[in-house]
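# What the coordinates show
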Amino acid sequence: MTTDEAIDGILNSYEKYGGINLEEAQNFPNRQNVVAVLQDLRALIFPGFHTAEDIDRQTLRFVTGERVNRIVSMLTREIQKALIHVVQNNDVQTSHCFALAQQTSLALIEEIPEIRRKVGLDVQAAFAGDPAAKSTEEVIVSYPGLVAITVYRIAHFLVESGVPVIPRIMTEYAHSRTGIDINPGAKIGEHFFIDHGTGVVIGESCEIGNNVKIYQGVTLGALSVKKELMDKKRHPTIEDNVTIYANSTILGGQTVIGEGSVIGGNTWVTRSVPPHSVLSQGKRQDPTD
């Protein structure tokens, strides 16, 4: 077989099996572009930590302005693609989708100070909760849990703003980098710490309160994965000040882990736990015991 014949075979497979994202069609958001935007957003949240650049007080405004303009331009295009794709209507007003996309991109930029405040609390939670952490700067540059949480907080804002597809691209990118899978639809409070992190799964309808700490291998998942339950609350609620140790599995939309509880490692939980309980394998200690 010649090279030309091999190329013809690949092109024929595009026609036969699909899976081609043509620019002139109502094409899907581009993953590489979304990841590039995400990298700029992370650099906007912690300038000087995640990119090879020299900045000082004199250049900070210029670097920030350049980054903001790049984010708005590229993110607007990708959100516009996502909106048009979801509508699935050739008569959709492209200009209307562009306006919505630009509005959302600008809203995200306006939200950056608040996201920085929340992520700053997550940094403090990691520093306070991990004796191995020598500084907050070490947490910022090296902790995979903070990477996943930062990306989640960006993606969650976009979910709440009605943006399809792109938030999931962002969190799945973080998942591939860190081993931590946080669905952008989950609701997570402040001062959140994921220690070590590999294998953590947090489902779409999970609700997590403030000052929660979880360790590697924790699953906050669903009892059932039937497609007809996609719009139901399938994942647990974790109230404030809860600690969940490694490899614990907590399942079900009606399952509530009460405030101040401790869930021991390798436990399997499908029922609610009262506040201030200590749960370990095969045994639960209620606060009245």
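As a starting point, this report considers the structure included with it.

Cut-offs used in this document
- Residues numbered from 1 in each chain as written.
- Predicted model: local features only at pLDDT ≥ 70, side-chain atom pairs only at ≥ 80, totals over all residues.
- Heavy atoms only, no water.
- Helix = DSSP H or I, 4+ residues; strand = E, 2+ residues; numbered from the N terminus.
- Buried < 20%, exposed > 50% of the residue type's maximum accessible area, 1.4 Å probe, protein only.
- Contact = heavy atoms within 4.5 Å.
- Patch = residues over 30% accessible without salt bridge, like charges linked within 9 Å, V, L, I, M, F, W, Y side chains within 5 Å.
- Areas by Shrake-Rupley, 256 points an atom, 1.4 Å probe, with all protein chains shown as cover.
- Salt bridge = Lys/Arg side-chain N within 4 Å of Asp/Glu carboxyl O.
- Axes fitted to C-alpha atoms, helices over the stretch in contact; angles between N-to-C directions.
- Parallel < 35°, antiparallel > 145°, perpendicular 65-115°, else oblique.
- Nonpolar A, V, L, I, M, F, W, Y, C, P; charged D, E, K, R; others polar.
- Phe/Tyr/Trp six-rings, centres within 6.5 Å; stacked < 30°, edge-to-face > 60°.
- Pairing = 2+ DSSP bridges.

### Things to note about the environment of Thr51
- Relative to the assigned elements, Thr51 resides in the loop between helix 2 (31-45) and helix 3 (60-87).
- Classification of Thr51 by relative accessible area gives partly exposed; the value is 28%.
- Considered as a pair, Thr51 and Asp130 are 79 residues apart in the sequence and their alpha carbons are 25 Å apart.
- If sequence neighbours within four positions are ignored, Thr51 has contacts with Ala43 and Arg67.

### Here we look at unusual backbone geometry
- A positive phi angle, near 60°, is found at Asn241, a position not held by glycine.
- Along the chain, Asn241 turns up in the loop between strand 8 (237-238) and strand 9 (243-244).
- The class for Asn241 is partly exposed, based on a relative accessible area of 37%.

### As for a nonpolar patch on the surface
- Taken together, Ile7, Ile10, Leu11, Tyr14, Ile20 and Leu22 make up a surface patch of nonpolar side chains, about 510 Å² in accessible area.
- Looking at the element boundaries, Tyr14 is found in helix 1 (residues 3-17).

### Observations regarding the packing of helix 2 against helix 6 (residues 144-160)
- One way to put it is that helix 2 packs onto helix 6 with a least axis distance of 11 Å and a crossing angle of 105°. On the basis of the axis angle, helix 2 is roughly perpendicular to helix 6. Residues Leu38, Leu41, Arg42 and Ile45 of helix 2 form the contact with helix 6, whose own contacting residues are Val147, Thr150, Val151 and Ile154.
- Looking at the contact of helix 2 with helix 6, its residues break down into six nonpolar, one polar and one charged.

### Thoughts on the packing of aromatic side chains
- Overall, the coordinates contain one aromatic pair when judged by the stated rule.
- Centroid distance Tyr215 to Tyr245: 5.0 Å. Interplanar angle 20°. Geometry classified as stacked. Residue Tyr215 is found in the loop between strand 6 (213-214) and strand 7 (219-221), and its partner Tyr245 is found in the loop between strand 9 and strand 10 (249-251); the two are separated by 30 residues along the sequence.
- In this structure Tyr245 comes out as partly exposed when scored by relative accessible area, which is 37%.

### Let's talk about the sheet that holds strand 4 (residues 201-202)
- Strands sit in the order 1-4-7-10-13 across an open sheet of five strands; the sheet is parallel. The open sheet has two edge strands with one neighbour each: strand 1 (181-182) and strand 13 (268-269).
- The pairing of strand 4 with strand 7 spans two bridges and is classified as parallel. Among the inter-strand pairings, Val201 is bridged to a residue of strand 7, identified as Thr219.

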